[in-house]
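# Residue-level structure breakdown
One letter stands for each residue in the lines below.
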Amino acid sequence: MNHQPFETWLLDDKHLSAVEKRDLDAHIRVCRTCSALSETGLALRSAKAVSPAAGFTVRFQQRLAAQKIVERRRRVWGMFVLIFSGLGLLSWFAAPFVISFLSAPIEWITTAVGYFLFIFTSLRVLGDFLQVITQILPQFIPPYAWMVLFSAMAGVGLAWAVSIWQFARKPQGVNA
Ligand SMILES: [Zn+2]
């Protein structure tokens with residue numbers, strides 16, 4: 001198909017007479033190439049990105065603008081796919097918890113509150129204990145006593161571990 005002079009008119013952003021405009025519209029209706037070109041030109045003009053420069057510059061800007069539109073569309077789609085797949089994965093993992101929460105919300109809330117209270121009080125008790133220890137101990141205990149205390153704690157820990165081990169072993173012995 002012969003695109004002239006319409007292609008030149010579109011690329012140069014020529015000011016058209018009424019007759020020329022009618023001819024151009026008629027050509028655009030049957031020619032995909034020129035209608036695409038015209039749409040790109042309209043998009044550029046509405047973005048006020050085009051200067052009245054002619055020829056190569058306009059053609060380059062049009063191609064760049066079209067490329068940018070395609071790129072932006074691809075990026076938006078990529079973002080959509082990423083967000084939706086992420087949400088899908090998240091809901092897939094969270095579904096069992098949400099379902100059990102919805103079936104027994106009060107139990108869950110009490111459990112959670114009790115858990116947080118337990119952690120909170122434990123931390124506070126531990127903090128108080130450490131504060132007291134750090135305030136008192138250095139005054140009373142000379143350096144060599146630290147070694148005694150440390151080995152005593154190690155001994156207690158060892159005895160504890162052994163007792164747990166024996167406790168765990170006992171049922172086996174009873175059964176046998
Ligand atoms: Zn054409």
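Scroll up to find the structure.
As a starting point, this report considers the structure included with it. From a predicted model like this one, the values you see are computed outputs, not experimental measurements. (Residues numbered from 1 in each chain as written. Predicted model: local features only at pLDDT ≥ 70, side-chain atom pairs only at ≥ 80, totals over all residues. Heavy atoms only, no water.)

### Some words on the coordination of the zinc ion
Reference values for coordination geometry: four tetrahedral donors around a metal ideally subtend 109.5 degrees, six octahedral donors ideally subtend 90 or 180 degrees. Under the convention used in this document: The rule for donors is simple: N, O or S, within 2.8 Å of the metal, or within 3.2 Å if the metal is Na, K or Ca. Water isn't counted, so a site may look like it is missing partners. Irregular is the label for any site that misses the other tests, which are tetrahedral for four donors with all angles between 85 and 135 degrees, and square planar for four donors or octahedral for six when opposite donors exceed 155 degrees and the remaining angles lie between 65 and 115. Burial classification: accessible surface area is computed with a 1.4 Å probe over protein chains only, and a residue below 20% of its type maximum counts as buried, one above 50% as exposed, and the rest as partly exposed.
Within the first shell, the zinc ion binds the protein through H3 (ND1), H27 (NE2), C31 (SG) and C34 (SG), at distances of 2.0 to 2.4 Å. Relative to the metal, the 4 donor atoms surrounding the zinc ion lie at angles of 97 to 130°, and the coordination shape comes out tetrahedral. All donors of the zinc ion come from a single chain, and their spacing in sequence reads H-x23-H-x3-C-x2-C. By relative accessible area, C34 is classed as buried at 1%.

### A look at the packing of aromatic side chains
Aromatic ring pairs are defined here through the distance separating the ring centres and the angle between the ring planes. As a reminder, the rule being used: Aromatic pairing here means that ring centres of Phe, Tyr or Trp (its six-membered ring) are within 6.5 Å. Orientation follows from the plane angle: under 30 degrees is stacked, over 60 is edge-to-face, and everything else is tilted. A helix here means a DSSP run of H or I that spans at least four residues, while a strand means a run of E at least two residues long, and both kinds are numbered starting from the N terminus.
Counted by the stated rule, this structure contains 4 aromatic pairs. Pairing F80 with F84 gives two aromatic rings, centres 6.0 Å apart and planes at 15°, and the pair type is stacked. On the criterion of helical spacing, the pair formed by F80 and F84 is a turn pair, its members being 4 residues apart in helix α4 (residues 56-103). Residue class for F84 comes out exposed when judged on its relative accessible area of 52%. Counting every residue linked through ring pairs, the aromatic cluster contains W77, F80 and F84.

### Here's the deal with the pattern of salt bridges
Operational definition: Salt-bridge detection follows one rule: a side-chain nitrogen of Lys or Arg within 4 Å of a carboxyl oxygen of Asp or Glu.
By the definition in use, this model includes 3 salt bridges. In this structure, the salt-bridge partner of D25 is K21, at a minimum N-O distance of 4.0 Å. One end of the pair is D25 and the other is K21, both in helix α2 (residues 18-30) and 4 residues apart, which spans about a single turn. In this structure, R75 and E71 form a salt bridge, with 3.8 Å as the shortest nitrogen-oxygen distance. A residue pair is termed a helical-turn pair when its members lie 3 or 4 positions apart in one helix, as R75 and E71 do in helix α4 at 4 residues. E71 sits in the partly exposed class, given a relative accessible area of 42%.

This is a description of form; function is not addressed.
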